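# Coordinate inspection notes
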Amino acid sequence: MDGNSPAWVRGVSRVAVLTGAGISTDSGIPDYRGPSGVWTRDPELAEIFNRERFVADPGVRRRYWRHIGGLYRADVRPNAAHRALAELEASGTAVRILTQNVDGLHQRAGSSPRKVLELHGTLATARCLRCGATEPTPQVLERVAAGADDPPCLKCGGTLQPAVVMFGQFLDSQVLSLAQNIARHSQLFLAVGTSLTVEPSAGLCAAAVECGATLVIVNRDPTPYDELATEIVREPIGTALPRICAALRSAAA
Ligand SMILES: [Zn+2]
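Residues numbered from 1 in each chain as written. Predicted model: local features only at pLDDT ≥ 70, side-chain atom pairs only at ≥ 80, totals over all residues. Heavy atoms only, no water.

### Some thoughts on the overall build of the chain
When helices and strands are counted, the chain shows 10 helices and nine strands. On C-alpha atoms alone, the chain measures out to a radius of gyration of 19 Å, which is about the 18 Å that the 2.2 N^0.38 rule sets for 253 residues. For the C-alpha atoms alone, the extent of the chain along its principal axes is close to 60 × 30 × 30 Å. Contacts spanning at least 24 positions in sequence make up 64% of the contacts within the chain whose residues lie at least 6 apart. (Helix = DSSP H or I, 4+ residues; strand = E, 2+ residues; numbered from the N terminus. Rg over C-alpha atoms; globule rule 2.2 N^0.38 Å. Contact = heavy atoms within 4.5 Å.)

### A word on the layout of surface pockets
The computed volume of the second largest pocket comes to approximately 160 Å³. Taken together, Arg 51, Arg 127, Cys 128, Leu 129, Gln 161, Pro 162, Ala 163, Val 164, Val 165, Gln 169 and Phe 170 make up the full set of residues lining the second largest pocket. Sorting the residues of the lining of the second largest pocket by element identifies strand E4 (121-128) and strand E6 (160-164) as the ones contributing at least two each. Of all the elements, E6 adds the most residues to the lining of the second largest pocket, at four residues. Class assignment for the residues of the lining of the second largest pocket results in seven nonpolar, two polar and two charged. (1 Å grid on protein atoms, 1.4 Å probe; cavity = no way out; pocket = protein on both sides within 12 Å on 5 of 7 lines; lining within 4 Å. Points joined across faces, edges and corners; volume = space filled by probe spheres on them. Nonpolar A, V, L, I, M, F, W, Y, C, P; charged D, E, K, R; others polar.)

### Describing the coordination of the zinc ion
Around the zinc ion, the protein contributes the donor atoms Cys 128 (SG), Cys 131 (SG), Cys 153 (SG) and Cys 156 (SG), at 2.3 to 2.4 Å from the metal centre. Coordination geometry of the zinc ion: the four donor atoms subtend angles of 103 to 115° at the metal centre, consistent with an arrangement described as tetrahedral. In the primary sequence, the donor residues of the zinc ion line up as C-x2-C-x21-C-x2-C. Taken together, the residues span a long stretch of sequence, with Cys 131 in the loop between E4 and strand E5 (134-136) and Cys 153 in the loop between helix H7 (137-145) and E6 at a distance of 22 residues. Relative accessible area serves as the criterion here: at 41%, Cys 131 is assigned to the partly exposed category. Overall, Cys 153 belongs to the buried group, its relative accessible area being 5%. (Donors = N, O, S within 2.8 Å, 3.2 Å for Na, K, Ca; no water. Tetrahedral: all angles 85-135°; square planar, octahedral: opposite > 155°, others 65-115°. Buried < 20%, exposed > 50% of the residue type's maximum accessible area, 1.4 Å probe, protein only.)

### Looking at the packing of aromatic side chains
Each pair of aromatic rings is reported with the distance of its centres and the angle of its planes. Taken as a whole and judged by the stated rule, the model has three aromatic pairs. Taking 5.2 Å as the distance between ring centres and 80° as the angle between the ring planes, the aromatic pair formed by Phe 54 and Tyr 64 counts as edge-to-face. With Phe 54 in helix H3 (residues 51-56) and Tyr 64 in helix H4 (residues 58-71), this residue pair connects regions lying 10 residues apart in the sequence. Accessibility classification places Phe 54 together with Tyr 64 in one group, the buried group. (Phe/Tyr/Trp six-rings, centres within 6.5 Å; stacked < 30°, edge-to-face > 60°.)

### Observations regarding the confidence of the model for the chain
Confidence in the prediction of the chain, expressed as mean pLDDT, is 91, and 97% of residues score 70 or more. Here the predicted complex scores 0.90 on pTM and 0.99 on ipTM. (pLDDT = per-residue confidence, 0-100.)

### Section: the pattern of salt bridges
Here the structure, examined in full by the defined rule, presents nine salt bridges. Taking the shortest distance from any N to any O, the salt bridge between Asp 149 and Arg 62 comes out at 3.9 Å. Taken as a pair, Asp 149 in the loop between H7 and E6 and Arg 62 in helix H4 lie far apart in primary sequence, 87 residues in all. According to the relative accessible area criterion, Asp 149 is partly exposed, its value standing at 38%. Of the residues examined, Arg 62 reaches a relative accessible area of 33% and is grouped as partly exposed. Salt-bridge contacts for Glu 235 lead to Arg 243; the nearest nitrogen and oxygen are separated by 2.7 Å. (Salt bridge = Lys/Arg side-chain N within 4 Å of Asp/Glu carboxyl O.)

Structure (structure tokens):
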């Protein structure tokens, strides 16, 4: 281990990583909730993520599918921070990722899908609100591109909704309780690119610290949990996370 590594990387074999929008902005995915986020600048756009409006209004669904099409651009790829976490897992450290993101970039970077818990669901699949049939979102988007601007369920004609948690919906209780277990059993809890203002996800930090984990926050702006943190890193995530993961790997070697 080099002399510049922080003391908290020593003896860590179980890492839990809570990731938010900030880890994906380098990949071209916009931050929605932040001070300069998409929803802050365009409250109208937030409306299309409201479950009630989505179900009731075909116009909202048309706008939603157009917007989602923009997130599936070919140039959206995992970045250095996603890759650093995947490499840390590959090196033998037990890494569990608890993500608020729905972009699937952790899995695409090489993190094991079963080690990634998607707290807010995933954009990768759409589900019929009437019969429960599922369809991969890229396939739905092909239908949108071909002219079906409010694509119906292929089985029953019902309304398709991406498998994400929308405004007005609660987090899956099983997913949340698993996330709490993972937080409590971690030795190091990294909170990366999240403002830690959205509960109940943010409370995972407190759960980890109560059970003895070291909390390290990597975020550009202050968070409500900064006082609990052993270290706060304001450096850009794209350089901070590869550096932290490299230090963890060499400390474990
Ligand atoms: Zn259906």
